[in-house]
Amino acid sequence: MKSPIFAPYPATRFRRIKNRAETRALVRENTLTTDDLIWPVFICDGENVEQSVPSMPGVMRRSVDLIAEAAKEAADLGIPAICLFPYTDPDLKTSDCAEAWNPNNLSNRATRAIKKAVPNIAIMTDVALDPYNIDGHDGFVVDGKILNDETVEALVRQTLSQAEAGTDIIGPSDMMDGRIGAMRVALEAHGHTNVMIMSYAAKYASTFYGPFRDAVGASGALQGDKKSYQMDPANSDEAIRLVARDLSEGADMVMVKPGMPYLDVCRRVKDQFGVPTYAYQVSGEYAMLQAAAQNGWLDQDRVMLESLMSFKRAGCDGILTYFAPAAARVLAKR
Ligand code: PBG
């Protein structure tokens, strides 16, 4: 703990150091830079297709050709990583989720296109069955129950197909037990020794995911809720146990999700483990800020940067945010 001792007023005046920009800069405890940003993007089928997502103003689904262009722009802005989420054609959704490990599925095609066109951006891909599942769940559903161990086997297949396609970072967002260890063993066994895993370790059963489910076309599909595998928003000790578990199984980085409502969890994770820690500023958080900005109720650029800085203050090393290109543009002007 830093010393709380200070001389009483007027010997100490907190306003002295605030009086000019230079000394405010000098005492600033945290910084936000473009290096901190991971940009989640949505991919759709077709060529030269760009579809807006109404519940996420400013966010597009893009076909593979345009995603490669977007990745190039992101890399040119200095954004270190892009995270791919496919909008899967409803006809390809099945209860066995086989599209998830199809070497030519949207996610894998986008990975190959970006790798070829933009070698200087890291690619993160999503591992979970929900974009491919007729039931909209992250795992196999039998009699209304989500199967754990059978799902983990499928997630391993999905992981290997993404590694084959050339992904850099596997992002398991599924919350099944034992998946990190199973993925790590499979990656090592198949020679993918440098493929990283960023575990969605503390992922809450959150209402803030609503707009994302619109974006990937899972909203209509989802039966029930995800409370039997995602975390209870009332818990935080459990988050610590989950992070410990995933690190012990071979996660390289861990994530807390959503972000702003769970900054206390970010701080606990960073303090306890001191490992690379990320927050996902999810679709609902983005939608709230954008909606207010569109109404003229909040200043868009400022509230964006303030929200992103809050993650740095909470101990995060980086943030997955739909604001990534907008934030990078504003930061580049400073
Ligand atoms: C599902 C997944 C979700 C998000 C990322 N992966 C939603 C869910 O769990 O239902 C949410 C991201 C966001 O809201 O921006 N595997």
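Preceding block: the structure.
A. Representation of the layout of surface pockets in the model. What the largest pocket holds in volume is close to 360 Å³. Along its surface, the largest pocket is lined by Arg28, Glu29, Asn30, Thr31, Leu32, Leu305, Met309, Arg313, Leu331 and Arg334. Among the residues making up the lining of the largest pocket, the classes are represented as four nonpolar, two polar and four charged. The volume enclosed by the second largest pocket comes to roughly 250 Å³. Considering the residues around the second largest pocket, the lining is formed by 20 residues, among which Trp39, Gly58, Arg62, Tyr322 and Pro325 are closest to the centre. Mapped by element, the contributors of at least two residues to the lining of the second largest pocket are strand S1 (37-44), strand S3 (60-63), helix H2 (64-77), helix H9 (283-294) and helix H11 (324-332).

B. Layout of a positive patch on the surface. Together, Arg24, Arg28, Arg302 and Arg334 line one region of the surface with positive charge. By the secondary structure assignment, Arg334 is in the segment after H11. Classification of Arg334 by relative accessible area gives exposed; the value is 73%.

C. Looking closely at empty space enclosed by the protein. For the structure on display, the rule yields one cavity of 30 Å³ or more. Empty space within the largest cavity amounts to approximately 110 Å³. Forming the walls of the largest cavity are 13 residues, and the residues nearest its centre are Asp130, Lys203, Phe212, Lys226 and Lys257. Each residue belonging to the lining of the largest cavity can be placed in one class, and the counts come to four nonpolar, two polar and seven charged.

D. Local environment of helix H8 (residues 263-273). Restricting attention to buried positions, one finds in H8 the residues Leu263, Val265, Cys266, Val269 and Lys270. For H8, the arc enclosing every buried residue in end-on projection is 155°, short of the 170-degree limit, so these residues lie on one face. Among the exposed residues of H8, those pointing more than 90 degrees away from its buried face are Asp271 and Gln272. Residues of H8 that are buried in the fold lie against strand S9 (196-203), helix H7 (237-248), strand S10 (253-257), strand S11 (277-281) and helix H10 (300-313). Of the residues one or two after H8, Gly274 is the one with positive phi, at around 60°.

What counts, and where the lines are drawn
Residues numbered from 1 in each chain as written. Predicted model: local features only at pLDDT ≥ 70, side-chain atom pairs only at ≥ 80, totals over all residues. Heavy atoms only, no water. 1 Å grid on protein atoms, 1.4 Å probe; cavity = no way out; pocket = protein on both sides within 12 Å on 5 of 7 lines; lining within 4 Å. Points joined across faces, edges and corners; volume = space filled by probe spheres on them. Nonpolar A, V, L, I, M, F, W, Y, C, P; charged D, E, K, R; others polar. Helix = DSSP H or I, 4+ residues; strand = E, 2+ residues; numbered from the N terminus. Patch = residues over 30% accessible without salt bridge, like charges linked within 9 Å, V, L, I, M, F, W, Y side chains within 5 Å. Areas by Shrake-Rupley, 256 points an atom, 1.4 Å probe, with all protein chains shown as cover. Salt bridge = Lys/Arg side-chain N within 4 Å of Asp/Glu carboxyl O. Lys, Arg positive; Asp, Glu negative; His and termini not counted. Charge placed at Lys NZ, Arg CZ, Asp CG, Glu CD. Buried < 20%, exposed > 50% of the residue type's maximum accessible area, 1.4 Å probe, protein only. Arc of directions from axis to C-beta. Contact = heavy atoms within 4.5 Å.

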